[in-house]
Amino acid sequence: MEKQPFAQLESATKSFGNTIALNQVSFAIESGQVLALLGPNGAGKTTAIRLLLGLAKPTAGRAKLFGHNPQEIDARRRVGVMLQTGGVPATLRVREHLELFSSYYPNPRALEDTVAVAGLRGLEHRFFGELSGGQKQRLLFALAICGRPDLLFLDEPTVGLDPESRRGLWRQVQSVVAEGAAVLLTTHYIEEVEVLASRVLFLRRGTVIADGTPEELKALARAGTLEDAFLALTKDNATEVWA
């Protein structure tokens, strides 16, 4: 029997009035895969994620989460999403946040395990508002993984972090992937893509213009580095360059 992708878009189009945010986009995410979804602002990344999370419905085509409608609760319980800082109350302690989020899931990680994986030991009784920027990002990551998700959505997970904190979060992501989880990652850090991604999908004006491994993208652009490849993709003639 063929393995069911964790999430997929099938010829998905999303329009807002006369504006086409996503145009006939298809891709799938499988167990153990880190898919980096990249592109300039307005490329359609957020729209694609919203369709997969069931926060919006495609105008045409289909979105599936574990083979089901993304709005079904059983499918949503298998997903973890790294929230933005603004959505987390500053007056709750680290442990209180973890206990609250864990209660939403049928089979959450043990709190001690989540703390260890996210590198939060010794911070359990600190208020969120008292944490440093790197510590806050680690807690947001912990909230995303505490439910033992099969699929993890990480939206700019290391933005604003110093290099050491960024590398620490990369190691934490890799440990979750090693357990069999899949990750959909958005980021503007090229090094992050090279370290974490097994596959890269580049969107431009709502259309997929490049799809492959980091090494394949380098080769297609005839570039020596992945950064060179992404610079080529941002040019106005990017579709011709990558044809």
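Residues numbered from 1 in each chain as written. Predicted model: local features only at pLDDT ≥ 70, side-chain atom pairs only at ≥ 80, totals over all residues. Heavy atoms only, no water.

### Description of the confidence of the model for the protein
Taken over all residues, the pLDDT of the protein has a mean of 89, while the share at 70 or more is 93%. Confidence scores differ between elements of the protein, with helix 10 (residues 238-241) showing the lowest mean pLDDT of 52 and strand 4 (residues 60-65) the highest of 97. (pLDDT = per-residue confidence, 0-100. Helix = DSSP H or I, 4+ residues; strand = E, 2+ residues; numbered from the N terminus.)

### With respect to the packing of aromatic side chains
For the coordinates displayed, the defined rule picks out 2 aromatic pairs. Aromatic pair phenylalanine 6 and phenylalanine 66: ring centres 5.3 Å apart, planes at 50°, arrangement tilted. Separated by 60 residues along the polypeptide, phenylalanine 6 in the segment before strand 1 (7-16) and phenylalanine 66 in the loop between strand 4 and helix 2 (73-76) bring together distant segments of the chain. Considered together, phenylalanine 6 and phenylalanine 66 belong to a single accessibility category, that of buried residues. With a centroid separation of 5.7 Å and an interplanar angle of 55°, the aromatic rings of phenylalanine 101 and tyrosine 104 are classed as tilted. In this arrangement the basic side chain of arginine 78 is found over the ring face of phenylalanine 66, its NZ or CZ atom lying 3.8 Å from the centre. Seen from the ring of tyrosine 189, arginine 166 lies directly overhead, with NZ or CZ sitting 3.9 Å from the centre. (Phe/Tyr/Trp six-rings, centres within 6.5 Å; stacked < 30°, edge-to-face > 60°. Buried < 20%, exposed > 50% of the residue type's maximum accessible area, 1.4 Å probe, protein only. Lys NZ or Arg CZ within 6 Å of the ring centre and 35° of its normal.)

### So, the packing of helix 3 (residues 94-102) against helix 4 (residues 111-118)
Axis separation between helix 3 and helix 4 bottoms out at 11 Å; the angle between their running directions is 120°. As summarised for this structure, helix 3 and helix 4 are arranged oblique, according to the angle between their axes. The two elements helix 3 and helix 4 meet at a crossing, and its hand is right-handed. Here Arg95, Leu98 and Glu99 of helix 3 come into contact with helix 4, specifically with Leu111, Glu112, Thr114 and Val115. Class assignment for the residues of the contact of helix 3 with helix 4 results in 3 nonpolar, 1 polar and 3 charged. (Axes fitted to C-alpha atoms, helices over the stretch in contact; angles between N-to-C directions. Parallel < 35°, antiparallel > 145°, perpendicular 65-115°, else oblique. Left-handed = near helix turned anticlockwise from the far one by under 90°. Contact = heavy atoms within 4.5 Å. Nonpolar A, V, L, I, M, F, W, Y, C, P; charged D, E, K, R; others polar.)

### Observations regarding the pairing of strand 1
Of the strand pairs in this sheet, strand 1 and strand 2 (residues 19-29) are connected by 7 bridges, and their pairing is antiparallel. The residue of strand 2 that forms the bridge with alanine 12 is valine 25. Taken together, the 5 bridges between strand 1 and strand 4 define a ladder with antiparallel strand orientation. Counted as the bridge partner of glutamate 10 is arginine 62 from strand 4. (Pairing = 2+ DSSP bridges.)

### A look at the packing of helix 5 (residues 133-145) against helix 6 (residues 163-178)
Helix 6 packs onto helix 5 with a crossing angle of 10° between their chain directions and a minimal axis gap of 10 Å. Between helix 5 and helix 6, the crossing angle belongs to the class labelled roughly parallel. Residues Gly134, Arg138, Phe141 and Ile145 of helix 5 form the contact with helix 6, whose own contacting residues are Ser165, Leu169, Gln172, Val173 and Val176. Of the residues contributing to the contact of helix 5 with helix 6, the split by class is 5 nonpolar, 3 polar and 1 charged.

### Notes on the sheet that holds strand 8 (residues 199-204)
The mixed open sheet is built from 6 strands, whose spatial order is 5-6-7-3-8-9. Since the sheet does not close on itself, it has two edges, and those belong to strand 5 (79-81) and strand 9 (207-212), each with one partner. Neighbour to neighbour, the strand axes of the sheet diverge by 15° on average, direction disregarded. Looking at chain direction, strand 3 (residues 34-38) and strand 7 (residues 182-186) are connected through 3 bridges and run parallel. In the sheet register, leucine 35 faces strand 7, and the bridge partner there is leucine 184. Strands in contact with helix 1 (residues 45-52) are strand 3, strand 6 (151-155), strand 7 and strand 8; relative to strand 3, the strand with the most contacts, it is inclined by about 135°. Contacting strand 3, strand 8 and strand 9, helix 9 (residues 226-233) crosses the sheet at an angle of about 25° to strand 8.

### Regarding the pattern of salt bridges
It is possible for side chains of opposite charge to pair when their charged atoms get near one another. Counted according to the given criterion, the structure contains 11 salt bridges. Between lysine 218 and glutamate 215 there is a salt bridge, and its shortest N-O distance comes to 3.2 Å. With lysine 218 and glutamate 215 both in helix 8 (residues 214-220), this residue pair falls 3 residues apart, about one helical turn. Using a relative accessible area of 14% as the deciding quantity, one classes lysine 218 as buried. We classify glutamate 215 as exposed; its relative accessible area is 53%. (Salt bridge = Lys/Arg side-chain N within 4 Å of Asp/Glu carboxyl O.)

### So, the side chain of glutamine 137
For glutamine 137, the position within the fold is in helix 5. Take glutamine 137: its relative accessible area is 9%, and that puts it in the buried class.

### Here we look at the sheet that holds strand 2
Strand order across the open sheet formed by 3 strands is 2-1-4, with antiparallel pairing between neighbours. The sheet is open, and its two borders are formed by strand 2 and strand 4, each paired with just one other strand. Neighbour-to-neighbour, the strand axes of the sheet open up by a mean angle of 25°, direction not taken into account. Its contacts with the sheet place helix 1 against strand 1, strand 2 and strand 4, and it is angled at close to 120° to strand 1.

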